[in-house]
Amino acid sequence: MVREEEKLSVSEFLLSYGYELGEMIGTGAFGSVWKVWTKASRKEWAVKVIHLNRMNKKERSMIEDEVATLSSIRHPHVVEVKEVLRSRNVLV
């Protein structure tokens, strides 16, 4: 379950990059997936919000490696990573 203060901080973080937080689509062990919209074009996206503060050092390293790999892949059967945003406790 996403705590209200986490949702608010993620919402503020995304707003600072021009995205508006919509409804939650799903959750997992380290984060959640949300609908977002760009403020400028109102284009809808899905974002995965990973809470780094819920992970140990090895898990954070594995996530960073996964993000780097997914960011470099262009394939019709793999969701394309458009942008990666980072704060101290959150990877989006």
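The structure reproduced in this document is the subject of the present report. Quick caveat: nothing in here was measured; it's all calculated off a predicted structure. Along each chain, numbering runs from 1 in the same order as the chain's sequence is written. Side-chain atom pairs in this predicted model are given and counted only at pLDDT of 80 or more, local residue features only at pLDDT of at least 70, and totals for whole chains, interfaces and linings cover all residues. Based on all heavy atoms of the structure, the side-chain values leave hydrogens and waters out of the count.

We now examine the pairing of strand β3 (residues 44–51). Two strands pair when backbone bridges link them, and strand β2 (residues 31–38) and β3 are joined in this way by seven bridges, in the antiparallel orientation. Paired with S32 across the bridge in β3 is V49. Strands are labelled as partners when DSSP assigns at least two bridges between them. A helix here means a DSSP run of H or I that spans at least four residues, while a strand means a run of E at least two residues long, and both kinds are numbered starting from the N terminus. Following β2, the chain reverses through five residues before pairing antiparallel with β3; R42 in that reversal takes a positive phi of roughly 65 degrees. Alignment of β3 against strand β4 (residues 90–91), held across two bridges, turns out to be antiparallel. Across the sheet, the residue bridging to H51 is V90, located in β4.

With that settled, consider the packing of aromatic side chains. Any pair of Phe, Tyr and Trp rings, taking the six-membered ring for Trp, is counted once the centres come within 6.5 Å. Such a pair is stacked with planes under 30 degrees apart, edge-to-face with planes over 60 apart, and tilted for the rest. The tally for this structure, following the rule as stated, stands at one aromatic pair. Ring geometry for F13 and Y17: centres 5.3 Å apart, planes at 65 degrees, overall edge-to-face. Think of it in three bands: with a 1.4 Å probe and only protein chains considered, a residue is buried below 20% of the maximum accessible area for its type, exposed above 50%, and partly exposed in between. For F13, a relative accessible area of 14% gives the class buried. Exposure remark for Y17: the relative accessible area of 44% places this residue in the partly exposed category.

Ranked by size, the top nonpolar core spans 12 residues in total: V10, F13, L14, Y19, L21, W34, V36, V47, V49, L85, V90 and V92. For this core, the elements supplying multiple residues, two or more each, are α1 (4–15), β1 (19–27), β2 and β3. At three residues, the largest contribution of residues to this core is made by α1. The contact rule is simple, with two residues in contact once any of their heavy atoms fall within 4.5 Å. Ignoring any residue separated from it by four or fewer positions in sequence, one finds F13 in contact with L85, R86, S87 and V92. Among the nonpolar cores identified, the runner-up in size contains six residues, and L52, M55, I63 and L91 belong to it. Definition of nonpolar core: a set of buried residues of the types Ala, Val, Leu, Ile, Met, Phe, Trp, Tyr and Cys, connected through side-chain atoms within 4.5 Å.

Phi angles above zero are rare outside glycine, and R42 is one such case at about 65 degrees. Taking relative accessible area as the criterion, R42 reaches 46% and is therefore assigned partly exposed.

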